[in-house]
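# Examination of the molecular architecture
Spelled out, the chains give:
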Amino acid sequence: MITMNEHYLKLQASYLFSDIAKRVNAYQADHPDQTIIRLGIGDVTRALPEACISAFHRAVDEMADDATFRGYGPELGYDFLQEAIVSGDFQPRGVTLRPDEVFVSDGAKCDSGNFQELFAPDTRVAVPDPVYPVYVDTNVMAGRTAAWRDGRYEGLVYLESTADNQYIPALPQEAVDLIYLCFPNNPTGSMITADQLRPWVDYAREHNALILYDAAYVEFIRDNSLPQSIYEIDGAKEVAVEFRSLSKTAGFTGTRCAYTIVPRECQVYDSQGNAHALHDLWDRRQSTKFNSVSYPVQRAAEAAFSPEGRKQIRELSTYYLGNAALIRAAMTSLGYACVGGEHSPYVWIKTNTDSWEFFDRLLQKAGVVCTPGAGFGKCGEGYVRLSAFNSRENVETALQRVSDALGRA
Ligand code: MLT
């Protein structure tokens, strides 16, 4: 008899964004004439930057010729992309990395979900609340939690991120081994300063803990004094892994390319207390289970780091930030308290009501999809997230409809 991994039985019925998609599809089937505007999942809508598309085409042409064709590439990514990432994303911020500390992948979702495989089942895990659900669900699947009770999994340490602490959680009160942080934050859109980030690195060093730092939205930071990488904090290379992605940065949600930095200094311990290089474990895991990203996609990604690519990416993110500013202004003028949208494509809105009820109201009365805050954790109850990833025209139409529907202008 094949028996199941019963930890799956603890999970909520479906993944947050699948659940929303099902509800929206059901509503659309019942209201075929309604034009629905999706400001729910953070999925980009604008074309790939010209620099990336040209490189993509050239690489496809190479694949069409025996002389330039490529079969399997290096499991951890081509040198040309690893080098472009180090010199494009880290050197300008004063962070020195070796190209082989960059692991190219097909998504920050996959990497942030898979990384926990490297740790013991009894690892004590701390997650922010609200939080990107992948961090939680993958630890549930791995058996690091007990049951779901009263909106939380027993066995996880929740780090509350609320208006009271400006959405920057306090350090855990108890010892934990693995800490997930995400800045610019998904879902609240908040950003952390270097002074606020430093104590986390110090905590991890003091407790031999590890930080999994998700920087998927780094391109949206507009204040140069804010940290773009956790490695800008002294000592972080010993205790932090960083996830980055071209999805939101360069419009790659459908093209798939991301990367994870695992510095060689970063250590993990066996049950005898002996240190091992985390880099070697992730290398072993990835080269066993993954065959990297296709050659044309890696060439397209490389082009994102060229001077033209950089400029085009900045234009893209500026466009979406323009949408975020409109969303924040409109919701504020309707009387809703908002945060985010300044260094992030997400605006976090206090609904003063149950967040799924607000989701239904927006869908039914305005034909607009948001993400209910409760889907990101207990502290998200009473909030919704609006995403700026859509055309300007759709965002303006959505905001007009929301204003008409909610009628608090
Ligand atoms: C989100 O909307 O939070 C993200 O797009 C989901 C993801 O990146 O997987």
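A few points on the structure.

Reading the values: rules and limits
Residues numbered from 1 in each chain as written. Predicted model: local features only at pLDDT ≥ 70, side-chain atom pairs only at ≥ 80, totals over all residues. Heavy atoms only, no water. Helix = DSSP H or I, 4+ residues; strand = E, 2+ residues; numbered from the N terminus. Rg over C-alpha atoms; globule rule 2.2 N^0.38 Å. Contact = heavy atoms within 4.5 Å. Areas by Shrake-Rupley, 256 points an atom, 1.4 Å probe, with all protein chains shown as cover. Lys, Arg positive; Asp, Glu negative; His and termini not counted. Charge placed at Lys NZ, Arg CZ, Asp CG, Glu CD. Buried < 20%, exposed > 50% of the residue type's maximum accessible area, 1.4 Å probe, protein only. Pairing = 2+ DSSP bridges. Salt bridge = Lys/Arg side-chain N within 4 Å of Asp/Glu carboxyl O. Near = heavy atom within 4 Å. Polar contact = N/O pair within 3.5 Å; in protein donor to acceptor, adjacent residues only side chain to side chain. 1 Å grid on protein atoms, 1.4 Å probe; cavity = no way out; pocket = protein on both sides within 12 Å on 5 of 7 lines; lining within 4 Å. Points joined across faces, edges and corners; volume = space filled by probe spheres on them.

## Description of the overall build of the chain
Assigned secondary structure in the chain consists of twelve helices and 17 strands. At 21 Å, the chain has a C-alpha radius of gyration in line with the 22 Å of a compact globule built from 409 residues. In terms of principal-axis extent, the alpha carbons of the chain reach across some 60 × 55 × 55 Å. Counting contacts in the chain only where the partners sit at least 6 residues apart, residues at least 24 apart contribute 73% of the total. In the form shown here, the chain has an accessible surface area of approximately 17500 Å², with 49% of it arising from carbon and sulfur atoms. Within the chain, the 53 negative side-chain charges are centred at a point lying 3 Å from the centre of the 38 positive side-chain charges.

## Considerations on the pairing of strand β7 (residues 178-182)
With five of its five residues buried, β7 lies for the most part within the structure. Here β7 shows no split at all, with Leu178, Tyr180 and Cys182 on one side and Ile179 and Leu181 on the other all buried. Two strands pair when backbone bridges link them, and strand β3 (residues 125-129) and β7 are joined in this way by two bridges, in the parallel orientation. When the sheet's bridge partners are listed, Ala126 is paired in β7 with Ile179. Sheet topology note: the β7/strand β8 (residues 210-214) ladder contains five bridges and is parallel.

## Brief notes about the pattern of salt bridges
A side chain of one charge can pair with a side chain of the opposite charge when the charged atoms of the two come close. What the rule picks out here adds up to 20 salt bridges. Of the charged contacts in the structure, one is a salt bridge between Asp100 and Arg98, with a shortest N-O distance of 2.9 Å. Arg98 gets classed as partly exposed once you look at its relative accessible area, which sits at 45%. With a closest N to O distance of 2.8 Å, Glu242 and Arg244 form a salt bridge. Look at Arg244 and you get buried, because its relative accessible area is 3%.

## Examining the site of the ligand
In the region of the ligand, the neighbouring residues are Phe17, Ile41, Gly42, Lys109, Tyr132, Asn186, Tyr217, Lys248, Tyr346 and Arg385. At 2.8 Å from an oxygen atom of the ligand is found a side-chain nitrogen or oxygen belonging to Asn186. Note that an oxygen atom of the ligand is positioned 2.7 Å from one of the side-chain N or O atoms of Arg385. Here the ligand, which alone exposes 260 Å², has 86% of that area covered by the protein.

## Some points on empty space enclosed by the protein
Under the counting rule described, the total for this entry stands at one cavity of 30 Å³ or more. The volume enclosed by the largest cavity comes to roughly 40 Å³. For the largest cavity, the full set of lining residues is Pro128, Ser161, Tyr167, Pro169, Leu181, Cys182, Phe183 and Asn185.

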